[in-house]
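Each chain, written out:
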Protein chains: 2
Amino acid sequence: MTFKTDIEIAREAKKRPIQEIGAKLGIPSEHLLPFGHDKAKVSQEFVADARGRKRGKLILVTAINPTPAGEGKTTTTVGLGDGLNAIGKNAAICIREASLGPNFGMKGGAAGGGYAQVVPMEDMNLHFTGDFHAITSAHNLLSAMIDNHIYWGNELEIDERRITWRRVMDMNDRALRDMVVSLGGVSNGFARQTGFDITVASEVMAILCLAADLEDLQNRLGDIVIAYRRDKTPIYCRDIGAEGAMTVLLKDAMQPNLVQTLENNPAFVHGGPFANIAHGCNSVVATQTALGLADYVVTEAGFGADLGAEKFFNIKCRKAGLTPSVAVIVATVRAMKMNGGVAKADLGAENVEAVQKGCPNLGRHVENVKSFGVPVVVAINHFHSDTDAEVDAVKEYVASLGAEAILCRHWAQGSAGIAELATRVAEIADGDRAQFAPLYGDDMPLFEKIETVARRIYRADEVLADGKIRSQLKEWETAGYGHLPICMAKTQYSFTTDPNRRGAPVNHSVPVREVRLAAGAGFIVVICGEIMTMPGLPRKPAAQSIRFNEEGLIEGLF
Amino acid sequence: MTFKTDIEIAREAKKRPIQEIGAKLGIPSEHLLPFGHDKAKVSQEFVADARGRKRGKLILVTAINPTPAGEGKTTTTVGLGDGLNAIGKNAAICIREASLGPNFGMKGGAAGGGYAQVVPMEDMNLHFTGDFHAITSAHNLLSAMIDNHIYWGNELEIDERRITWRRVMDMNDRALRDMVVSLGGVSNGFARQTGFDITVASEVMAILCLAADLEDLQNRLGDIVIAYRRDKTPIYCRDIGAEGAMTVLLKDAMQPNLVQTLENNPAFVHGGPFANIAHGCNSVVATQTALGLADYVVTEAGFGADLGAEKFFNIKCRKAGLTPSVAVIVATVRAMKMNGGVAKADLGAENVEAVQKGCPNLGRHVENVKSFGVPVVVAINHFHSDTDAEVDAVKEYVASLGAEAILCRHWAQGSAGIAELATRVAEIADGDRAQFAPLYGDDMPLFEKIETVARRIYRADEVLADGKIRSQLKEWETAGYGHLPICMAKTQYSFTTDPNRRGAPVNHSVPVREVRLAAGAGFIVVICGEIMTMPGLPRKPAAQSIRFNEEGLIEGLF
């Protein structure tokens with residue numbers, strides 16, 4: 001069999017003018033701020049108006065732990081949105097924006113795949129509507145103002161060794177990870193060590209994705225802890241006076257972006273925080289706008305359900321007052337086989353036993369998501385080499401858990417391949433069966449929150465943290481940050497902190513290496529293992545192959 | 001008298017949808033890529049088509065040496081465009097884009113002033129259509145690829161001490177001027193000293209503004225010299241393989257931006273290279289598009305005519321094959337008084353003698369511009385405190401040179417105040433009197449080119465340059481760069497290299513401190529004096545006052 005590539009399919013898309021897509025949601029064209037003919041931002045005024053309506057049902061798409069075989073979480077999100085529209089429902093999807101920098105290392109990705117994609121794919125992988133550039137500017141303005149404050153006398157008594165606010169760039173540039181700035185003498189300031197992270201790791205990104213509106217955005221930006229004094233008292237962004245200008249820089253970026261699926265259904269693509277040191281969901285503003293305009297809103301969360309769904313529920317839903325109606329957990333036969341011990345090269349051969357052996361990874365995610373009070377459906381994202389026996393093995397396993405698994409062929413067939421899942425998801429959502437509650441209350445001590453997630457989601461026996469980390473958490477509780485949720489940063493490949501432990505491991509420990517306060521975003525980052533916040537480029541970066549070909553088409557980006 | 005501020009006037013603008021503005025130039029709406037309702041890019045296809053038409057007359061607006069009193073060069077460019085339209089001509093203007101970073105230091109500027117402005121002013125001072133962000137990304141991609149190349153084995157044998165390609169950011173951040181990167185051990189690369197410039201100082205900016213189309217852009221980007229080996233042989237961007245990806249990043253930025261004046265006439269605002277280390281003009285693509293669509297195109301060049309017009313003629317017109325029909329030199333009574341020795345605080349009082357004493361600065365610019373074979377008209381940009389006797393003194397002085405000066409009141413009256421100038425300029429342009437030629441031929445040796453500009457434009461006795469600089473120029477001639485024009489970087493405040501010497505000094509020398517090869521842009525930068533390529537923020541940066549006020553309007557940016 002030969003298949004068209006994602007980019008070939010995307011380029012054949014029969015896109016409709018973005019005003020037509022907006023009209024499907026009742027957005028008048030004067031409230032759509034176009035970027036070219038196929039992208040638009042929804043005006044701030046209209047967003048404020050839509051938020052009040054809250055008519056839609058929220059559907060989360062999450063997944064098993066990712067494997068090299070791929071799961072197709074975004075593909076299923078897009079497919080389910082198209083599927084709901086195809087069965088006569090009014091649905092919109094909400095997904096994250098892509099980061100520019102990584103595209104120059106490895107080939108960039110589609111938003112979705114096959115016949116379940118969002119377009120325009122090329123723009124979405126390049127500058128799109130400039131949101132990430134605005135975040136970069138806002139972040140770095142604060143950085144410049146901090147060094148400028150020190151340069152002019154350091155009235156705030158910033159301890160130059162305790163500046164936590166770095167700079168950001170949307171680029172994979174390892175040379176910028178660790179540097180000494182302000183060299184060159186008196187006129188350039190005081191030399192100090194610092195570095196750059198990639199833009200998606202900026203707290204400004206997390207803030208933009210959690211802020212309700214411009215006022216909330218400005219307050220949260222003001223709350224950012226940028227440094228400490230020698231006496232360890234914190235210094236805030238608002239002490240530097242940057243939050244107003246940062247808000248002005250972000251005014252357009254706060255407006256959600258509207259694009260379309262291959263089937264011309266509305267897709268909000270807005271925000272893109274890291275799923276490790278941040279919460280990994282699209283913006284609250286986009287989700288709430290979509291919920292105000294559509295009857296069903298399909299959204300996704302980063303990585304597998306142990307990280308993505310957990311943070312979606314415990315951080316995003318808690319903070320924004322969202323109540324999900326149903327969750328779809330995406331699994332594939334191939335990923336089950338990998339969890340069952342099959343190597344990637346051998347995935348093509350039928351192996352029902354391996355599928356059965358790998359299913360407990362899926363099973364634990366099903367249990368976990370249900371524990372939030374949210375009904376679960378499993379979507380088996382079909383791959384052409386899957387056999388009926390393998391698919392049946394997954395279905396039987398899921399049935400044994402008291403849940404159901406539905407085979408979906410949206411990758412190959414678009415909405416026609418996902419009608420069954422769409423129908424079932426709509427039924428569950430309409431039945432109002434969910435009794436959503438976050439896993440822990442605001443009042444639980446911070447360390448107990450970590451233990452709760454580790455025990456109930458990761459099924460770990462214990463959390464390991466030295467005295468310094470425990471006392472740091474106590475200090476934050478004393479300083480008034482004890483009510484914050486925690487944002488776990490660990491490997492996405494396993495329930496444990498060891499990326500090689502697939503399946504559903506038990507008897508493991510979660511070592512906490514570091515904790516960080518994101519006071520503006522409103523969470524405590526709990527780092528378990530190595531987390532890279534500035535990637536590097538590979539030996540042969542994709543950038544070397546990216547160019548316009550003779551037909552004027554972009555080559556090498558996908 | 002009280003006047004409305006520029007921003008108050010701009011906010012009262014009765015903007016028309018950008019499609020209507022495009023229609024005035026015959027741009028069909030499918031070739032206008034909108035950014036909101038009041039900005040658009042003109043599609044690459046349409047630009048290519050328009051370039052072939054070449055129907056318009058090109059009018060340059062330049063000025064005397066700037067003084068703290070202000071001249072109003074952009075204001076006059078905008079006013080003259082509106083004036084030409086008001087007398088029934090089909091005219092467009094072409095100006096530069098504003099840089100984002102400096103707005104957070106000092107208050108940002110309007111594009112024009114009073115009733116001769118381009119809108120939307122706020123967007124134009126913020127992210128606008130993202131061009132500068134794209135330039136930043138393209139520039140820094142190359143930087144990251146250079147360090148990445150060294151990291152993976154340095155096959156090209158780049159001498160880490162001789163890397164000339166730095167990084168850029170559109171921010172005033174003095175801490176980034178001079179730094180050591182790649183600290184932190186093996187996984188972060190090889191430590192080396194480098195720094196950031198502000199984005200407008202990037203060679204990518206100059207290249208974008210001089211490139212004819214995407215193909216030319218890619219070739220020029222490939223030509224950039226990024227470093228030297230130990231044997232001093234150059235290493236190019238194309239050796240790193242970055243030019244294709246950079247071109248893809250710049251594909252939208254290469255399309256000129258269309259906005260409108262307060263009188264709803266078309267304005268192209270595109271590109272913004274430094275006027276010292278670069279040539280300081282808007283893009284060739286925008287100018288050629290405008291010339292293909294309008295009968296008259298009014299454009300401006302940075303700083304006074306000694307830098308701006310000289311580089312406009314010797315670099316931009318030479319490279320792009322443009323032939324200007326007439327030049328307008330903007331002067332003000334107040335600036336003449338300052339050139340005549342009056343302090344800024346005393347400018348309000350009538351002082352005909354000081355006006356007369358200051359006029360030789362204007363006179364020399366008139367002579368210089370004429371020496372390029374371009375007819376000259378002087379525009380006296382009226383200020384409310386000017387007396388009739390002072391205005392007459394300027395007119396009489398200009399008449400004594402065989403030229404004419406016309407009083408213009410566009411700042412206060414819009415097009416109604418500039419009808420006389422518009423009429424006269426159109427007459428001259430229609431008379432095809434210009435016999436434009438650059439000041440020197442391509443074949444002249446590089447040092448002689450410097451001497452030619454210094455003697456004929458600055459009226460210096462000599463050019464001082466040590467043996468190292470002279471031999472560097474010789475080396476470049478040997479390497480095949482001898483045909484390039486020179487790009488002078490000196491103070492804008494004087495014909496000399498001493499910013500305090502106003503008027504029309506003689507008996508001075510031009511010391512050359514440094515020469516730099518901009519092989520992609522296609523010129524040799526000749527640096528005479530201190531040139532800052534990364535500004536800092538002041539003690540109380542404007543950013544601290546920028547915010548949304550209670551009415552949702554941006555405060556503190558203007």
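It should be emphasised that the depicted structure is a prediction, and the values quoted were computed from it without experimental measurement.

A. Structural context of the sheet that holds strand S20 (residues 486-489) of chain B. Residue and element names in this part refer to chain B. Pairing in this open sheet of 3 strands is mixed, and the strands run S20-S23-S22 from one edge to the other. Whereas interior strands pair on both sides, the edge strands pair on one side only; in this sheet they are S20 and strand S22 (514-518). Going across the sheet, the axis of each strand differs from the next one's by a mean of 20°, ignoring polarity. Strand direction decides the pairing type here: S22 and strand S23 (residues 523-527), joined by 5 bridges, are antiparallel. Bridged to Ala518 within S23 is Phe523. With respect to the sheet, helix H18 (residues 446-456) is in contact with S20 and S23, its orientation differing from that of S20 by roughly 50°. The strands touched by helix H19 (residues 467-481) are S22 and S23; relative to S22, the strand with the most contacts, the crossing angle is about 15°.

B. Structural view of the interface of chain B and chain A. Across the boundary between the two partners, chain B contributes 64 residues, which contact 64 residues of chain A. Buried area between chain B and chain A, summed over both chains or domains, comes out near 5500 Å², and the portion from carbon and sulfur atoms is 66%. Area buried by chain B at its contact with chain A is led by Trp152(B), Arg174(B) and Phe548(B), which between them contribute 11% of it. Between the two partners, chain B and chain A, sit 4 salt bridges. The closest approach of N and O atoms between Asp173(A) and Arg167(B), which form a salt bridge, is 2.8 Å. In terms of residue class, the side of chain B that touches chain A is made up of 34 nonpolar, 19 polar and 11 charged.

C. View of the relation of the copies chain B and chain A. Turning chain B through 180° and shifting it by 0.0 Å along the axis lays it on chain A, with an RMSD of 0.0 Å. Given the turn and translation reported, the copies of this chain are related as if by a two-fold rotation axis. Relative to the rotation axis, the closest C-alpha in chain B is found at Phe35(B), a distance of 2.3 Å. The overlap is high: 100% of the interface residues of chain B also sit at the interface in chain A, so the same surface is used on both sides.

D. The arrangement of the pattern of salt bridges in detail. Counted under the stated rule, the structure contains 62 salt bridges over all chains. With its nearest N and O atoms 3.4 Å apart, the salt bridge here joins Lys251(A) to Asp123(B). Remark: Asp123(B) occurs in helix H5 (residues 121-125) and Lys251(A) occurs in the loop between helix H10 (243-249) and strand S13 (257-261); the pair is interchain, linking two chains. When its relative accessible area of 15% is taken as the criterion, Asp123(B) is described as buried. One salt bridge in this structure joins Asp223(B) and Arg238(B), with 2.9 Å as the shortest N-O distance. In this pair, Asp223(B) is assigned in helix H8 (residues 214-223) and Arg238(B) in helix H9 (residues 237-240), connecting sequence segments 15 residues apart.

E. Region of the structure containing the packing of aromatic side chains. Going through the model one piece at a time under the given rule, you end up with 12 aromatic pairs over all chains. Their ring planes at 55° and their centres at 5.3 Å tell us that Phe35(A) and Phe35(B) sit as a pair that is tilted. With Phe35(A) in the loop between strand S1 (32-34) and strand S2 (40-42) and Phe35(B) in the loop between strand S1 (32-34) and strand S2 (40-42), the pair connects residues from two separate chains. Across this residue pair, the class does not change: Phe35(A) and Phe35(B) are buried. Relative to Trp411(B), the ring of Phe3(B) lies with its centre 5.4 Å away and its plane at 75°, an arrangement referred to as edge-to-face. Placement of the pair is Phe3(B) in the segment before helix H1 (6-11) and Trp411(B) in helix H16 (residues 410-413), with a sequence separation of 408 residues. On the basis of relative accessible area, Phe3(B) is assigned to the partly exposed category, the value being 40%. Trp411(B) gets classed as partly exposed once you look at its relative accessible area, which sits at 28%.

F. Examining the UniProt feature "binding site: ATP" (unreviewed entry) in chain A more closely. Residue and element names in this part refer to chain A. Taking the UniProt record as the reference, the feature "binding site: ATP" (unreviewed entry) is found at Thr67, Pro68, Ala69, Gly70, Glu71, Gly72, Lys73 and Thr74. If you trace the backbone, Pro68 turns up in the loop between strand S3 (57-63) and helix H4 (73-86). In this fold, Gly72 is placed in the loop between S3 and H4. Aside from chain neighbours lying at most four places away, what touches Gly72 is Val330 and Asn381.

G. Summary view of the pairing of S23(B). Residues and elements named next belong to chain B. Most of S23 is tucked away, with 5 of its 5 residues classed as buried. Burial along S23 is two-sided: Phe523, Val525 and Ile527 facing one way and Ile524 and Val526 facing the other are all buried. With 4 bridges joining them, S20 and S23 adopt parallel strand pairing. Looking across to S23, one finds that Ile486 is bridged to Ile524.

H. Spotlight on the domain arrangement of chain A. Residue and element names in this part refer to chain A. As far as domains go, chain A holds domain 1 (6-129 + 253-430), domain 2 (131-249) and domain 3 (446-528). A C-alpha centroid distance of 25 Å is found between domain 2 and domain 3. Contact with domain 3 buries surface across domain 2, with Glu203, Arg220 and Val225 losing the most and accounting together for 44% of the total. The tally of links from domain 2 across to domain 3 stands at 0 salt bridges. Across the contact surface, domain 2 and domain 3 share 6 residue pairs in polar contact (both at pLDDT 80 or more).

I. Looking closely at the sheet that holds strand S20 (residues 486-489) of chain A. All names here are of chain A. The sheet built from 3 strands is open, its strands ordered S20-S23-S22 with mixed pairing. Two strands close off the open sheet at either side, each with one partner strand: S20 and strand S22 (514-518). Averaged over all pairs of adjacent strands, the angle between strand axes in this sheet comes to 20°, irrespective of strand direction. Across the sheet, helix H18 (residues 446-456) lies against S20 and strand S23 (523-527), angled at about 50° from S20, the strand it touches most.

J. Quick look at the side chain of Ser143(A). Residue and element names in this part refer to chain A. If you trace the backbone, Ser143 turns up in helix H6 (residues 131-151). Its relative accessible area of 2% is what places Ser143 among the buried residues. A polar contact of 3.2 Å, which involves the side chain of Ser143, links it to the backbone oxygen of His139. Not counting the four nearest positions on each side in its chain, Ser143 is found in contact with Trp165, Arg166 and Arg167.

K. Molecular detail of the pairing of strand S13 (residues 257-261) of chain B. Residue and element names in this part refer to chain B. Taken across its 5 residues, S13 has 5 buried, putting it largely inside the fold. Where S2 and S13 come together, 2 bridges link them in antiparallel fashion. Each residue of the ladder has a partner; that of Lys41, found in S13, is Asn257. With 2 bridges joining them, strand S6 (residues 116-119) and S13 adopt antiparallel strand pairing. Within S13, the position partnered with Val119 by the bridge is Gln260. Two elements, S13 and strand S14 (residues 266-269), share 3 bridges in a ladder whose sense is antiparallel. Bridge pairing in S14 links Leu258 to Phe268. Between S13 and S14, which pair antiparallel and follow one another directly, the connecting turn spans 4 residues, one of which, Asn264, has a positive phi of 65°.

L. Fine view of the environment of Thr136(B). All names here are of chain B. Mapped onto the elements, Thr136 comes out in helix H6 (residues 131-151). Residue classification places Thr136 among the buried positions, given a relative accessible area of 14%. Setting aside its immediate chain neighbours within four residues, Thr136 contacts Val168, Met169, Asp170 and Thr199.

M. Seen up close, the packing of helix H7 (residues 203-210) of chain B against H8(B). All names here are of chain B. One way to put it is that H7 packs onto H8 with a least axis distance of 9 Å and a crossing angle of 150°. Classed by the angle they form, the pair H7 and H8 counts as roughly antiparallel. Crossing handedness for the pair H7 and H8: right-handed. Here H7 contributes Val204, Ile207, Leu208 and Leu210 to the contact with H8, which in turn contributes Asp216, Leu217, Arg220 and Leu221. For the contact of H7 with H8, a count of residues per class yields 6 nonpolar, no polar and 2 charged.

N. Up close: the packing of H18(B) against H19(B). Residues and elements named next belong to chain B. The interhelical angle for the contact between H18 and H19, taken along N-to-C directions, is 120°, at an axis separation of 8 Å. By the angle between their directions, the pair H18 and H19 is classed as oblique. Two secondary-structure elements touch here, H18 through Leu446, Phe447 and Ile450 and H19 through Arg470, Leu473, Trp476, Glu477 and Tyr481. Here the residues of the contact of H18 with H19 sort into 6 nonpolar, no polar and 2 charged.

Analysis parameters
Numbering of residues begins from 1 in every chain and follows the order in which that chain's sequence is written. Throughout, the order in which chains and ligands are written sets their labels, letters from A for the former and numbers from 1 for the latter. In keeping with the predicted nature of the model, local features appear solely for residues at pLDDT of at least 70, side-chain atom pairs appear and are counted solely at 80 or more, and the whole-chain, interface and lining totals rest on all residues. Here the side-chain values reflect all heavy atoms present in the structure, with hydrogen atoms and water set aside. Strand pairing is assigned whenever DSSP detects at least two bridges linking the two strands. Counting from the N terminus, the helices are the DSSP runs of H or I reaching at least four residues and the strands are the DSSP runs of E reaching at least two. Axis lines are fitted to C-alpha atoms, over the contacting stretch for helices. Their N-to-C directions set the angle, which ranges from 0 to 180 degrees. Only heavy atoms enter the contact rule, under which two residues are in contact if any of them lie within 4.5 Å. Buried area adds together the accessible area that both of two parts lose upon being put together, with accessible area traced by a 1.4 Å probe. The salt bridge definition used is simple: a Lys or Arg side-chain nitrogen within 4 Å of an Asp or Glu carboxyl oxygen. Polar here means any residue outside two lists: the nonpolar Ala, Val, Leu, Ile, Met, Phe, Trp, Tyr, Cys and Pro, and the charged Asp, Glu, Lys and Arg; Gly therefore counts as polar. When the copies are superposed, the least-squares fit draws on C-alpha atoms of residues that have pLDDT of at least 70 in both. Note on classification: 1.4 Å probe, protein chains only; a residue is buried when its accessible area is under 20% of the maximum for its type, exposed when over 50%, partly exposed between these limits. Any two rings among Phe, Tyr and Trp, with Trp reduced to its six-membered ring, count as a pair given centres within 6.5 Å; such a pair is stacked if its planes are under 30 degrees apart, edge-to-face if over 60, and tilted if neither. UniProt positions are given in the numbering used here, feature names are shortened, and annotations may be inferred rather than shown by experiment. Per the annotation, domain bounds derive from an automatic or database assignment of domains. What qualifies as a polar contact is a pair of N or O atoms within 3.5 Å, subject to a donor-acceptor requirement within protein and to the restriction that residues adjacent in sequence count only when both atoms come from side chains. Small angles under 35 degrees read as roughly parallel and large ones over 145 as roughly antiparallel, with 65 to 115 read as roughly perpendicular and the rest as oblique. When the near helix sits turned anticlockwise from the far one by under a right angle, the crossing is termed left-handed; a clockwise turn instead gives a right-handed crossing.

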